[in-house]
Amino acid sequence: EVQLVESGGGLVQAGGSARLACTASGVFFDDQDIAWFRQAPGREREAVGCASTISGDPFYADSVKGRFTISRNNAKNTMYLQMNSLKPQDTAVYYCAIHPGSGCLWGSDGLGSWGKGILVTVSS
C-alpha cells in the first residue's frame, strides 16, 4: 500500500550534477526517516545517506560526503538527493527508502518501504 516512486535518473557526464526525487504515498511522511541507497553491478547495496526525524545531522557515506545532499519537502511528501561532482564510480541503481523515525538505525524489521530503484549512469 505504501508506494515510493523515484524520478530524475539518467545519463550524466562526469563532473556534472543530477537531482533525484522520491515521492511517497500511503504513509504519513513527516515522521519517517528518509534514506538513499545504491547498488552498483556486482556490488553490495550501500547506504548513501540518511536523515532522521529524531537524530541530528544527516549521515552520509564517506564516498559521497561533500558531494551529495539529502533534503525533503514534507508538504509534497517528497525526498531528494542532490548529486554534484559526479564520478563514474557513482554509476548505480539508486533506491529511496523510508522507515519510522529511528535515528537511522535500521534493521531488517520489515517496517521500511522501498522504491523500485532508478538508474544513474555517469559517463567518463
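Right above here is the structure, for reference.
All chains use their own residue numbering, which begins from 1 and follows the written sequence. For this predicted model, a pLDDT threshold of at least 70 governs which residues receive local features, and a threshold of 80 or more governs which side-chain atom pairs are given and counted, while totals over whole chains, interfaces and linings are taken from all residues. In computing side-chain values, all of the structure's heavy atoms are included and hydrogens and water are not.

**Student:** What exactly am I supposed to notice about the sheet that holds strand β8 (residues 78-83) here?
**Tutor:** Pairing between sheet strands relies on hydrogen bonds along the backbone, with the strands arranged either parallel or antiparallel. The strand order β1-β3-β8-β7 describes an open sheet built from four strands, whose pairing is antiparallel. For this open sheet the edge positions go to β1 (3-7) and β7 (68-73), each flanked by a neighbour on one side alone. For this sheet, the mean angle separating the axes of adjacent strands, direction not counted, is 20 degrees. For two strands to be treated as a pair, DSSP must find no fewer than two bridges joining them. Secondary structure elements follow DSSP: runs of H or I no shorter than four residues count as helices, runs of E no shorter than two count as strands, and numbering proceeds from the N terminus. Two strands pair when backbone bridges link them, and strand β3 (residues 18-25) and β8 are joined in this way by six bridges, in the antiparallel orientation. When the sheet's bridge partners are listed, R19 is paired in β8 with Q82. Orientation is described by axes fitted as lines to C-alpha atoms, over the contacting stretch for helices, and by angles from 0 to 180 degrees between their N-to-C directions.

**Student:** Just checking my understanding: could you explain the pattern of salt bridges for this structure?
**Tutor:** If charged atoms from side chains of opposite charge come close, those side chains can pair. Between Lys or Arg on one side and Asp or Glu on the other, a salt bridge is scored when a side-chain nitrogen of the former is within 4 Å of a carboxyl oxygen of the latter. Following the criterion strictly, the structure yields four salt bridges and no others. In this structure, E46 engages R38 in a salt bridge whose closest nitrogen and oxygen atoms are separated by 3.0 Å. The cut-offs for exposure are 20% and 50% of the maximum accessible area for each residue type, with area from a 1.4 Å probe on protein chains only; residues under the lower value are buried, those over the upper are exposed, and the others partly exposed. A relative accessible area of 29% means that E46 is categorised as partly exposed. With its nearest N and O atoms 2.9 Å apart, the salt bridge here joins D90 to R38. With D90 in the loop between β8 and β9 (92-100) and R38 in strand β4 (residues 32-39), the pair connects residues that are 52 residues apart, well separated along the chain. Assessed through its relative accessible area of 1%, D90 is described here as buried. Its relative accessible area of 7% is what places R38 among the buried residues. Three or more residues joined by partner-sharing salt bridges are found here, namely R38, E46, R67 and D90.

**Student:** Hey, could you run me through unusual backbone geometry in this one?
**Tutor:** The bulk of non-glycine residues show a negative phi, and the bulk of peptide bonds are trans. With a phi close to 50 degrees, S85 is a non-glycine residue in the positive phi region. Inspection of the secondary structure puts S85 in the loop between β8 and β9.

**Student:** Is there a simple way to explain the environment of R72 in this structure?
**Tutor:** Examined against the element boundaries, R72 turns out to sit in strand β7. For R72, a relative accessible area of 27% corresponds to the partly exposed category. Taking C-alpha positions, R72 is 8.3 Å from I34, a pair spaced 38 residues apart along the chain. Any pair of residues with heavy atoms lying within 4.5 Å of one another is described as a contacting pair. Once residues within four sequence positions are removed from consideration, R72 is found in contact with F29, D30, Q32, I34, A51, T53, T78, M79 and Y80. Contacts described as polar in this section are N or O atom pairs within 3.5 Å, which, within protein, must combine one atom able to donate a hydrogen with one able to accept it, while residues neighboring in sequence count only if both atoms come from side chains. Of note is the side chain of R72, whose polar atom sits 2.8 Å from the backbone oxygen of F29.

**Student:** Please explain the state of the cysteines as it appears in this structure.
**Tutor:** In plain terms, two cysteine sulfur atoms within 2.5 Å form what is called a disulfide here. Per the stated rule, a full pass over the model turns up two disulfides. Paired by a disulfide, C22 and C96 hold their sulfur atoms 2.0 Å apart. Taking the sign of the S-S torsion, about 60 degrees here, the bridge from C22 to C96 comes out right-handed. Note that C22 is positioned in strand β3 and C96 in strand β9, a separation of 74 residues in sequence. Neither C22 nor C96 differs from the other in exposure class; each is buried.

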